Amino acid sequence: MQHTLKSSVTFKGVGLHGGKPATMVLKPAAAGHGIWFKRTDIELGNALIPAIYDVVERTPLCTRLVNDAGVTVSTVEHIMAALAGCGIHNALVEIDGPEVPIMDGSAVEFVRGIMAKGVRRQASPVLAYEVLKPVTVEREGARASITPADGLEIEFHIDFEDDAIGSQTKTLDMRNGSFARELCDSRTFCRRTDVEAMRESGLALGGTLENAVVVQGDEVLTPGGFRHEDEAVRHKMLDALGDLYLAGGPILGHFVGEKSGHSMTNTLLRKLFETPGAVRPVLCTPEQAARLPGQGLVRSEIPQVA
């Protein structure tokens, strides 16, 4: 069955790229509502933005949604991953600015906040999207694909010239709360040269060594280093879960990302839904629902991080 939050939960922080303070409130919503963002600082016109793949504005560094009135909300991937990973199907996300707060660079604070309030079961079956045919997109040495599977599986491969990251591969079945246990505390990461380039372009203004893992060659500049030896690939999987949840519901399929990012995952979703016979909506049986992310999540399993 569908789920929403038992009560509202508030998060405060700064936007990673804009560097501006942001307050975000997750509110319960009725069955069938889906996930919507609302810009509370917009007084005139349409301030509601649906969390759906076909309103994504292509950007290389984050996922940005834009409605018909041109109102945007950026860096939604971590909160979308948390909602997916906690099995939240219906919520209104109110935010007082154009960017979701980055928190510690992962989704763990979102997951902890959601589960502290609790999840409420609703009297409607979950609408999921079952992949029926393989779909692949490729660009400049990067590749993303999705193939049929009876649940959601995420596989990712990365390869960086910096020895602190290098080549990493991980595959994870997303059922039984595995997102919270394995991925949610993995932080965004970047190379020091990338930070300098982004700031010259007016981006990453809210980035610090406390909300991103910064590397240079074989050195990790962030105090304390990585939380996991393979934290980088785990974070890419976290991003992929959030971006895939923009399908409008859980996906039943095996996703593979190879050196890919936000824009390519969105391109894959668009191709999936544009390809005749490649995907179909299904009302989940209890057996299918048991294989979805968030099912079986136990609050005590959420990682305790500093």
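Above this text sits the structure in question.
Fair warning: this is a prediction, and the values are worked out from it, not measured in the lab. (Residues numbered from 1 in each chain as written. Predicted model: local features only at pLDDT ≥ 70, side-chain atom pairs only at ≥ 80, totals over all residues. Heavy atoms only, no water.)

Visitor: Would you explain the environment of Asn211 in this entry?
Guide: Secondary-structure assignment places Asn211 in the loop between helix H4 (192-200) and strand E17 (213-216). For Asn211, a relative accessible area of 4% corresponds to the buried category. Sequence separation between Asn211 and Met103 is 108 residues, and the spatial gap between their C-alpha atoms is 6.5 Å. (Helix = DSSP H or I, 4+ residues; strand = E, 2+ residues; numbered from the N terminus. Buried < 20%, exposed > 50% of the residue type's maximum accessible area, 1.4 Å probe, protein only.)

Visitor: Just checking my understanding: could you explain unusual backbone geometry for this structure?
Guide: Outside of glycine, negative phi angles account for most residues, and trans bonds account for most peptide bonds. At Thr75, a residue that is not glycine, the phi angle is positive and equals roughly 55°. Its location among the elements puts Thr75 in the loop between strand E8 (72-74) and helix H1 (77-85). Residue class for Thr75 comes out buried when judged on its relative accessible area of 4%. One non-glycine residue with positive phi stands out, namely Glu140, at about 50°. Tracing the backbone through its elements, the reader meets Glu140 in the loop between strand E12 (135-139) and strand E13 (142-147). Judged by relative accessible area, which is 82%, Glu140 ranks as exposed.

Visitor: Looking at this structure, I do not really get the sheet that holds strand E3 (residues 21-28). What am I missing?
Guide: Within a sheet, neighbouring strands are paired by backbone hydrogen bonds and run either parallel or antiparallel to one another. If you walk across this open sheet you meet the five strands as E2-E3-E9-E4-E5, and the pairing is mixed. A single partner strand is all that each edge strand has here, and the edge strands are strand E2 (9-14) and strand E5 (48-50). Adjacent strand axes in the sheet meet at a mean angle of 20°, parallel and antiparallel pairs treated alike. Sheet analysis places E3 next to strand E9 (residues 91-95), joined by five bridges and oriented antiparallel. (Pairing = 2+ DSSP bridges. Axes fitted to C-alpha atoms, helices over the stretch in contact; angles between N-to-C directions.)

Visitor: What's the story with the sheet that holds strand E6 (residues 56-57) in this structure? I'm lost.
Guide: Across the sheet, which stays open at both edges, the three strands sit in the order E6-E7-E8 with antiparallel pairing between neighbours. Of all the strands in the sheet, the pair left with one neighbour each is E6 and E8. Where strand E7 (residues 64-66) meets E8, three bridges bridge the pair, whose relative direction is antiparallel. Pairing of Arg64 across the sheet is with Ser74, part of E8.

Visitor: Please explain helix H6 (residues 262-274) as it appears in this structure.
Guide: Turn by turn, an α-helix covers 3.6 residues, leaving residues three or four places apart pointing in a common direction. With 13 residues, H6 should reach 18 Å at 1.5 Å per residue; the first-to-last C-alpha distance of 18 Å fits that figure. Of all the 13 residues making up H6, ten are buried; the element is thus mostly covered by neighbouring parts of the structure. Among the residues of H6, His262, Ser263, Met264, Thr265, Asn266, Thr267, Leu268, Leu269, Arg270 and Leu272 are the ones counted as buried. (Expected span 1.5 Å × (residues − 1).)

Visitor: Mind showing me how you'd approach the pairing of strand E14 (residues 152-159) here?
Guide: Judged from the six bridges that link them, E14 and strand E19 (residues 251-258) form a sheet pairing that is parallel. Considered in E19, the bridge of Ile154 is made with Phe255. Across seven bridges, the pairing between E14 and strand E15 (residues 167-173) is antiparallel. Bridge pairing links Glu153 to Asp173 in E15.

Visitor: It is not clear to me how the pattern of salt bridges should be interpreted in this structure. Could you clarify?
Guide: When charged atoms on two side chains of opposite charge get close, those side chains can pair. Applying the stated criterion to the full structure yields 13 salt bridges. Note that Glu57 is salt-bridged to Arg64, the shortest N-O span being 3.1 Å. Residue Glu57 is classed as partly exposed on the basis of its relative accessible area of 34%. Three or more residues joined by partner-sharing salt bridges are found here, namely Asp150, Asp173 and Arg175. (Salt bridge = Lys/Arg side-chain N within 4 Å of Asp/Glu carboxyl O.)

Visitor: Would you mind going over the nonpolar core with me for this structure?
Guide: Generally speaking, a soluble globular protein has its nonpolar side chains buried in company with each other. Of all hydrophobic cores here, the largest spans 77 residues; its most connected members are Leu26, Phe37, Leu65, Leu83 and Phe179. In terms of residue count, helix H5 (residues 231-244) provides more of this core than any other element does, seven residues in total. Apart from residues no more than four positions distant in its own chain, Phe37 is found in contact with Ala47, Leu48, Ile49, Ala51, Leu65, Val73, Val76, Ile79, Met80, Val93 and Val100. Val126, Leu252, Cys284 and Ala289 belong to the second-largest nonpolar core, a separate cluster that totals seven residues. (Core = buried A, V, L, I, M, F, W, Y, C linked by side-chain atoms within 4.5 Å. Contact = heavy atoms within 4.5 Å.)

Visitor: Would you mind going over the pairing of E19 with me for this structure?
Guide: Two faces belong to every sheet, and in a regular strand the side chains alternate between them. With seven of eight residues buried, E19 lies mostly within the body of the structure. In the sheet, strand E11 (residues 127-131) pairs with E19 via two bridges, with the strands oriented parallel. The residue bridging Tyr129 from the neighbouring strand is Ile251, located in E19. Pairing analysis gives five bridges linking E13 to E19, with the strands arranged antiparallel. Residue pairing in the sheet places Ala144 in a bridge with Gly257 of E19.

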